[in-house]
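Each chain is listed here by its residues.
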Amino acid sequence: MNPFYLKIPSFEAVEMPPLFRPLDVSNSRRYFGIRGCMKSGTNWAGNLLNLHPAISCTGEYHWERIVVPFEDNMAQRPMLKRHNAGERLKNRMDRLIRETMLDLADPKAKWVGDRTPGEIEPCFLPDASYISMLRDGRDVLVSRAFHMLSRPERGNMFRKDPIMAGLLPRFEKNPGYFLENPEQLLSSKKFIIDTANMWVRIVRSTLETIQKHPEIPVLLVRYESLHADTDRVRREMYEFLDCDPDLGKPLDEKTEPNFAQENPTSLYRQGKVGGHRQYWNERVDEIFGEVAGALLIELGYKV
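None of the values given here were measured: they were computed from a predicted structure.

**What to know about the overall build of the chain**
Helix and strand counts for the chain stand at 11 helices and five strands. By the burial criterion, 47% of the 303 residues in the chain qualify as buried.

See the structure below:
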């Protein structure tokens, strides 16, 4: 016998390992995404939705980083127009996304979600619904500053921003440093402008998508409304996904609107509306306002 020959049992006789188990990607499952600018409550919304037995939300997948280059590449390949090869590839990408999400979701859930901060478009699945979080950009700015300081490995911001890089050792040595010296947290003009631009871009894009594409199911949820009446708004989210709101479990420590105390290093740092005031001053207001002031007024956050 050829020593390199290995007899493999028939497919029916092999028990597939969990990684390759067959997954139901049929119409019995439905898909949704949680979107919005980072630090706008996307994580909170995901935890609230996961209190419902019919919903399973995980993340962050950032499908746009795969889908956009994939579609750009397809558009540049004339050969894919032959025999509907392009459509076949799109169908395979569609299935890959669904299978990946199902792999990490509760197998009993009807609704399978992806919690990725950002814009709604490009839509990662053609039949997906979206819950988009909207929060005062000034609170986003402060929350993002603490988020980046407590997770510097997540990006290259500190290599590009010497002022933020200078603040990092103080925070690492004493996580309560900016609670004691609040005027220093927003020292970097670059950080303020970059965050303001990000907030304006994502919010504007979301509002344009809602206006231009009414066929895309979108529920816009204000962080402030969710904070003021968590049970009422989460019921609206359940109903948006066609789930019985009475089946949601009681709120827990990760879903209550207020935390016992501010924890600068935690993903659940404060959970407060208007928390930016503690770190705000005229200089920050002027810098942030030049980029985002008009939108703050338009949305009723500032008069």
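**Observations concerning the sheet that holds strand β5 (residues 218-222)**
Within the open sheet, the five strands sit side by side as β2-β3-β1-β4-β5. Their pairing is parallel. The sheet terminates laterally at β2 (55-58) and β5, the two strands that pair on one side only. With direction set aside, neighbouring strand axes in the sheet form an average angle of 20 degrees. Two elements, β2 and strand β3 (residues 111-115), share four bridges in a ladder whose sense is parallel. Within β3, the position partnered with Thr58 by the bridge is Asp114.

**Thoughts on the confidence of the model for the chain**
For the chain, the average pLDDT comes to 87, and 85% of its residues sit at 70 or higher. Contacts from residues 1-14, a stretch scored under 50 in pLDDT, to residues over four places away or in other chains number two contacts.

**A few points about the side chain of Thr116**
By the secondary structure assignment, Thr116 is in the loop between β3 and β4 (129-134). Residue classification places Thr116 among the buried positions, given a relative accessible area of 1%. Within polar-contact distance, the side chain of Thr116 engages the backbone nitrogen of Tyr61 at 3.2 Å. Contact partners of Thr116, with chain neighbours within four places excluded, come to Ile34, Arg35, Glu60, Tyr61, His62 and Glu64.

**Examining the pairing of strand β1 (residues 30-36)**
The element β1 is largely enclosed, with a buried count of six among its seven residues. As defined by bridge partners, β1 adjoins β4 across five bridges and the pair is classed as parallel. Across the sheet, residue Phe32 finds its bridge partner in β4, namely Ser129.

**Details of the pattern of salt bridges**
Enumeration over the complete set of coordinates arrives at 16 salt bridges. Between Arg201 and Glu119 there is a salt bridge; the shortest N-O distance is 2.6 Å. Of this pair, Arg201 sits in helix α8 (residues 189-212) while Glu119 sits in the loop between β3 and β4; the two residues are 82 residues apart in sequence, bridging distant segments of the chain. Taking relative accessible area as the criterion, Arg201 reaches 43% and is therefore assigned partly exposed. Overall, Glu119 belongs to the partly exposed group, its relative accessible area being 27%. Note that Lys190 and Asp194 form a salt bridge whose closest N and O atoms lie 3.0 Å from each other. Of this pair, Lys190 and Asp194 both sit in helix α8, four residues apart, which is roughly one turn of the helix. Classification of Lys190 as partly exposed rests on a relative accessible area of 39%. Connected through shared salt-bridge partners, Asp94, Arg98 and Asp127 make up one network.

**What to know about helix α6 (residues 162-173)**
A rise of 1.5 Å per residue sets the reference length of α6, with its 12 residues, at 16 Å; its end C-alpha atoms lie 18 Å apart and thus fit the reference within 8%. For α6, the secondary structure elements touched by its buried residues are α4 (137-150), α5 (157-160), α7 (177-180) and α8. N-cap assignment for α6: the residue whose side-chain oxygen lies 3.2 Å from the backbone N of Ile163 is Asp161.

**So, the packing of aromatic side chains**
Enumeration according to the criterion identifies 11 aromatic pairs in this entry. A ring pair is formed by Trp280 and Phe288, whose centres lie 5.9 Å apart and whose planes are at 75 degrees; its orientation type is edge-to-face. Here Trp280 matches Phe288 in class, with each residue buried. One aromatic cluster is present, built from ring pairs that chain together Phe146, Phe171, Tyr177, Phe178 and Tyr279. The cationic tip of Arg135 hangs over the ring face of Tyr223; the distance from NZ or CZ to the ring centre is 4.1 Å. Between Arg222 and the ring centre of Tyr301, over which it is positioned, the NZ or CZ distance is 5.1 Å.

Criteria and cut-off values
- Residues numbered from 1 in each chain as written.
- Predicted model: local features only at pLDDT ≥ 70, side-chain atom pairs only at ≥ 80, totals over all residues.
- Heavy atoms only, no water.
- Helix = DSSP H or I, 4+ residues; strand = E, 2+ residues; numbered from the N terminus.
- Buried < 20%, exposed > 50% of the residue type's maximum accessible area, 1.4 Å probe, protein only.
- Pairing = 2+ DSSP bridges.
- Axes fitted to C-alpha atoms, helices over the stretch in contact; angles between N-to-C directions.
- pLDDT = per-residue confidence, 0-100.
- Contact = heavy atoms within 4.5 Å.
- Polar contact = N/O pair within 3.5 Å; in protein donor to acceptor, adjacent residues only side chain to side chain.
- Salt bridge = Lys/Arg side-chain N within 4 Å of Asp/Glu carboxyl O.
- Expected span 1.5 Å × (residues − 1).
- Phe/Tyr/Trp six-rings, centres within 6.5 Å; stacked < 30°, edge-to-face > 60°.
- Lys NZ or Arg CZ within 6 Å of the ring centre and 35° of its normal.

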